Amino acid sequence: MFRFRFRLNSSLLALTSSIFFNRSSKESKSNLNENPSELPRTPYQHINCTGFECIRESSMITLSSSSSFLKQTLYYYSELTQRYCTHISTMISVLEEYKRLEGTGNIQQEIWDIYIKHRILFNEMKTELLRLRLLLSTIDRLVTESIDACYQTQDEIVTQLVSNELIHAKRIIEQNEQLINKNEMILTTEQIKLIEKSKDDSDKKNSHE
């Protein structure tokens, strides 16, 4: 048997290393092209983002958005409720002034014209409140579904916080509805009194004739 031995001098070793490095570099680039999943991540991809993590992040964004939508709508609904009830109090005051000025002719008519303007605004505000109430019902379902989806990604702490917000929102809506019903009932009572009084006055007038 023969045993071959050879030595590489420094220049040959450098040339061999250069060839090997260039070949390895080309193979590496080729592999990257063949496997797109191993390409460098874009700035929009989290370095540790798996498929489930992306879904989890999306569910968190949806939950946050629906919660924010609920808060903003609820705030406006509550604010409009207060303005609406204040407006009802003003209308009642105008009605009382109208009854107090009975028999004054034009002055009483001017008060009644003011009441009519208030009633037009009253109807517009009531319509807006009804629209907001329907919207809140839709948002309620949206938040509930978002909570359910987010809960399945195992973010129990966040979902519990939003669940508490939803419960609190429902309590506020209920309080607003009670306040609206109470003030509307008072206004209705005053209007009925006015109608009954006008009817009695008309009957008395007819009886005298």
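Not measured: the values here are computed from a predicted model.

### What to know about the overall build of the protein chain
Right, so step 1: Per the secondary structure count, the protein chain includes four helices and zero strands.
Right, so step 2: In the protein chain, the succession of helices and strands from N to C terminus is α-α-α-α.
Right, so step 3: The proportion of buried residues among the 209 residues of the protein chain is 24%.
Right, so step 4: Put simply, of all contacts in the protein chain between residues at least 6 apart along the chain, 81% involve residues at least 24 apart.

### Examining the pattern of salt bridges
Two side chains bearing opposite charge may form a pair once their charged atoms approach each other closely.
Right, so step 1: Applying the stated criterion across every chain yields a total of eight salt bridges.
Right, so step 2: Here Glu 165 ties to Lys 71 by a salt bridge, and the two come within 3.3 Å at their closest N and O atoms. Of this pair, Glu 165 sits in helix α4 (residues 156–208) while Lys 71 sits in helix α2 (residues 51–100), and the two are 94 residues apart along the sequence.
Right, so step 3: For Glu 165, a relative accessible area of 27% translates into the label partly exposed.
Right, so step 4: Overall, Lys 71 belongs to the partly exposed group, its relative accessible area being 48%.
Right, so step 5: As a salt-bridge pair, Lys 99 and Glu 190 come within 3.3 Å of each other at their nearest N and O atoms. Of this pair, Lys 99 sits in helix α2 while Glu 190 sits in helix α4, and the two are 91 residues apart along the sequence.

### Some points on a nonpolar patch on the surface
Right, so step 1: Among the surface-exposed residues, Phe 69, Leu 135 and Leu 142 lie close enough to one another that they form a single nonpolar patch of about 220 Å² accessible area.
Right, so step 2: Mapped onto the elements of the fold, Leu 142 is located in helix α3 (residues 106–151).
Right, so step 3: With a relative accessible area of 37%, Leu 142 lands in the partly exposed category.

### Topic: the side chain of Thr 73
Right, so step 1: Mapped onto the fold, Thr 73 is located in helix α2.
Right, so step 2: Apart from the residues lying within four places of it in its own chain, the contact partners of Thr 73 are Leu 132, Leu 135, Leu 136 and Ile 139.

### A few points about the packing of aromatic side chains
Right, so step 1: For the structure shown, the criterion picks out three aromatic pairs.
Right, so step 2: Through a chain of ring-to-ring contacts, the aromatic side chains of Tyr 98, Trp 112 and Tyr 115 assemble into a single cluster.

### Description of the side chain of Glu 190
Right, so step 1: On the basis of relative accessible area, Glu 190 is assigned to the buried category, the value being 12%.
Right, so step 2: Discounting chain neighbours no more than four positions away, the residues touching Glu 190 are Ile 92, Leu 95 and Lys 99.

### Digging into the environment of Arg 131
Right, so step 1: Here Arg 131 lies in helix α3.
Right, so step 2: Its relative accessible area of 58% is what places Arg 131 among the exposed residues.
Right, so step 3: Residues Arg 131 and Tyr 77, spaced 54 residues apart in sequence, show a C-alpha to C-alpha distance of 9.6 Å.

### Re the confidence of the model for the protein chain
Right, so step 1: Taken as a whole, the protein chain shows an average pLDDT of 79; of its residues, 70% reach a score of 70 or greater.
Right, so step 2: Mean pLDDT across the elements of the protein chain bottoms out in helix α1 (residues 10–34) (47) and peaks in α3 (94).
Right, so step 3: This model gives residues 1–10 a pLDDT under 50, and the stretch forms one contact once residues within four places in sequence are excluded.
Right, so step 4: For the stretch residues 34–44, pLDDT sits under 50, and the model shows five contacts to residues farther than four places along the chain or on other chains.

### Re the nonpolar core
If you look at soluble globular proteins, the nonpolar side chains tend to sit buried side by side.
Right, so step 1: Formed by 31 residues in total, the largest nonpolar core has its most connected members in Leu 70, Tyr 77, Tyr 84, Val 143 and Leu 187.
Right, so step 2: Elements with a minimum of two residues in this core: α2, α3 and α4.
Right, so step 3: Here this core gets 12 residues from one element, more than from any other, and that element is α2.
Right, so step 4: Beyond its immediate chain neighbours, meaning those up to four positions away, Leu 187 contacts Ile 88, Met 91, Ile 92, Leu 95, Tyr 115 and Phe 122.

### Some details on the environment of Thr 81
Right, so step 1: Relative to the helices and strands, Thr 81 is located in helix α2.
Right, so step 2: Classification of Thr 81 by relative accessible area gives buried; the value is 0%.
Right, so step 3: On a C-alpha basis, the gap between Thr 81 and Glu 177 in space is 8.4 Å, while along the polypeptide they are 96 residues apart.
Right, so step 4: Every residue in contact with Thr 81, bar those within four places of it in the chain, is listed here: Leu 129, Asn 176, Leu 179 and Ile 180.

Rules used throughout
Residues numbered from 1 in each chain as written. Predicted model: local features only at pLDDT ≥ 70, side-chain atom pairs only at ≥ 80, totals over all residues. Heavy atoms only, no water. Helix = DSSP H or I, 4+ residues; strand = E, 2+ residues; numbered from the N terminus. Buried < 20%, exposed > 50% of the residue type's maximum accessible area, 1.4 Å probe, protein only. Contact = heavy atoms within 4.5 Å. Salt bridge = Lys/Arg side-chain N within 4 Å of Asp/Glu carboxyl O. Patch = residues over 30% accessible without salt bridge, like charges linked within 9 Å, V, L, I, M, F, W, Y side chains within 5 Å. Areas by Shrake-Rupley, 256 points an atom, 1.4 Å probe, with all protein chains shown as cover. Phe/Tyr/Trp six-rings, centres within 6.5 Å; stacked < 30°, edge-to-face > 60°. pLDDT = per-residue confidence, 0-100. Core = buried A, V, L, I, M, F, W, Y, C linked by side-chain atoms within 4.5 Å.

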